[in-house]
Amino acid sequence: MLRTSGVRTLSAADVDDARALCDLDRVHNVFVAARLDEGLLGAGGVAFGLGGSPLRSMVWASANVVPVNLASEDVARYASRLRRGKRRFASLFGPADQTLALWNHLRGSFGEPMSYRPEQPLMLTSRSAREKTGVTPDRRVRPARRDDLDALVPAAAAMFTEEIGYRPYVGSDAVYRAGIARLVEHGRTYVVTEGEEIVFKADVGSLASGVAQIQGVWVAPSHRGRGLAAPCMAAVADLVEQAHADTVSLYVNDYNLPALRAYLTAGFERVGTFATVIL
């Protein structure tokens, strides 16, 4: 029988050690670091770890499974612990080598994935990189306001549905709307509007250790093909650096060639590879 000794459930008492582990690579681990900073560990958030103080690795295992600093020899033990919990997860994602190794051990227990995305460029930008491209930031980009919510919620839902393949809520949109409102209240959603229509949006999905990870990038279908995304993303990067973090990152599906071109034009450069398995 495979031994899972040593893989333990982390508690709020482990937060400092878990944060220190995330900060070994603050760009790759910003999602988990942000969840820790939000106080979720032990308050609805589940994570497993190996080691005491310091931790040598961990796996965030709430709605999403996200590995942090997994060594190849530890993957099977984490997979056994995840299977033993008999929980359902929405996805696995994170550094490609760790995520795909973990999925290779789990695939027999979770069936065929809804979507398998093994190659997602992880990208960073800087002011100097943006200046080299010569892109002119679109100064219409601004932080979203509460009075944008009626237009922002359907725009965000459309982005989610395009990206994931199903709607983000069934029935009432109250919970979904509340989550979007929280991002707006913290100045973490950016938009371009024309009249009452939102034609561009982007969110700071995760924020920790001086790193902001941009997610939820969307251009209204009626405005695609006009070269809107690159100058808007350059402007978002400027605003995020001013308000939130010194490092701005994102990851993108390798098959989304228009998005890749837009990010490169906006001054984002590839620094690694993520992978996502949507269950």
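The preceding data block contains the structure.
Residues numbered from 1 in each chain as written. Predicted model: local features only at pLDDT ≥ 70, side-chain atom pairs only at ≥ 80, totals over all residues. Heavy atoms only, no water.

**Here we look at the pattern of salt bridges**
Taken as a whole and judged by the stated rule, the model has 22 salt bridges. For Arg-8, the salt bridge identified is with Asp-14, shortest N-O distance 3.1 Å. By relative accessible area, Asp-14 is classed as buried at 9%. The closest approach of N and O atoms between Glu-163 and Arg-117, which form a salt bridge, is 2.7 Å. One end of the pair, Glu-163, is in helix α6 (residues 149–164); the other, Arg-117, is in strand β6 (residues 115–125), and 46 residues separate them in sequence. Relative accessible area serves as the criterion here: at 31%, Glu-163 is assigned to the partly exposed category. By relative accessible area, which is 6% here, Arg-117 ends up buried. Taken together, the shared-partner salt bridges connect Arg-127, Arg-130, Arg-139, Asp-238 and Glu-241 into one network. (Salt bridge = Lys/Arg side-chain N within 4 Å of Asp/Glu carboxyl O. Buried < 20%, exposed > 50% of the residue type's maximum accessible area, 1.4 Å probe, protein only. Helix = DSSP H or I, 4+ residues; strand = E, 2+ residues; numbered from the N terminus.)

**Thoughts on unusual backbone geometry**
Geometrically, the link from Ser-53 to Pro-54 is a cis peptide bond, its omega value of 10° lying close to zero. Mapping Pro-54 onto the fold places it in the loop between β2 (47–51) and β3 (55–61). Positioned with a positive phi, Asn-69 is a non-glycine residue whose angle comes to about 65°. Mapped onto the fold, Asn-69 is located in the loop between β4 (64–68) and α3 (75–85). Its identity is not glycine, yet Ser-209 carries a phi of approximately 55°, on the positive side. Residue position: Ser-209 is located in the loop between β9 (197–208) and β10 (211–219).

**Observations concerning the packing of α3 against helix α4 (residues 96–110)**
The N-to-C vectors of α3 and α4 enclose an angle of 35°; their axes lie 9 Å apart at closest approach. Crossing handedness for the pair α3 and α4: right-handed. Contact with α3, carried on its side by Val-75, Ala-76, Tyr-78, Ala-79, Leu-82 and Arg-83, involves Ala-101, Leu-102, His-105, Leu-106 and Ser-109 of α4 and no other residues of that element. Taken together, the residues that form the contact of α3 with α4 break down as eight nonpolar, two polar and one charged. (Axes fitted to C-alpha atoms, helices over the stretch in contact; angles between N-to-C directions. Left-handed = near helix turned anticlockwise from the far one by under 90°. Contact = heavy atoms within 4.5 Å. Nonpolar A, V, L, I, M, F, W, Y, C, P; charged D, E, K, R; others polar.)

**Some details on the side chain of His-223**
Here His-223 shows up in the loop between β10 and α8 (229–243). By relative accessible area, which is 8% here, His-223 ends up buried. Looking at His-223, its side chain comes within polar contact range of the side chain of Ser-222, at 2.9 Å. Apart from the residues lying within four places of it in its own chain, the contact partners of His-223 are Glu-194, Glu-197, Val-199 and Leu-228. (Polar contact = N/O pair within 3.5 Å; in protein donor to acceptor, adjacent residues only side chain to side chain.)

**Side note on the nonpolar core**
Of all hydrophobic cores here, the largest spans 32 residues; its most connected members are Phe-200 and Ile-214. Elements supplying a minimum of two residues to this core: β8 (189–194), β9, β10, α8, β11 (247–251) and α9 (257–265). The contacts of Ile-214, once residues within four sequence positions are left out, are Ala-202, Asp-203, Val-204, Met-233, Val-236, Val-240, Val-248, Ser-249 and Leu-250. Grouped together as the second largest cluster of nonpolar side chains are 23 residues, Leu-21, Phe-31, Ala-34 and Val-68 included. (Core = buried A, V, L, I, M, F, W, Y, C linked by side-chain atoms within 4.5 Å.)

**Focus on the pairing of β8**
Alignment of strand β7 (residues 142–143) against β8, held across two bridges, turns out to be antiparallel. The residue of β8 that forms the bridge with Pro-143 is Tyr-190. (Pairing = 2+ DSSP bridges.)

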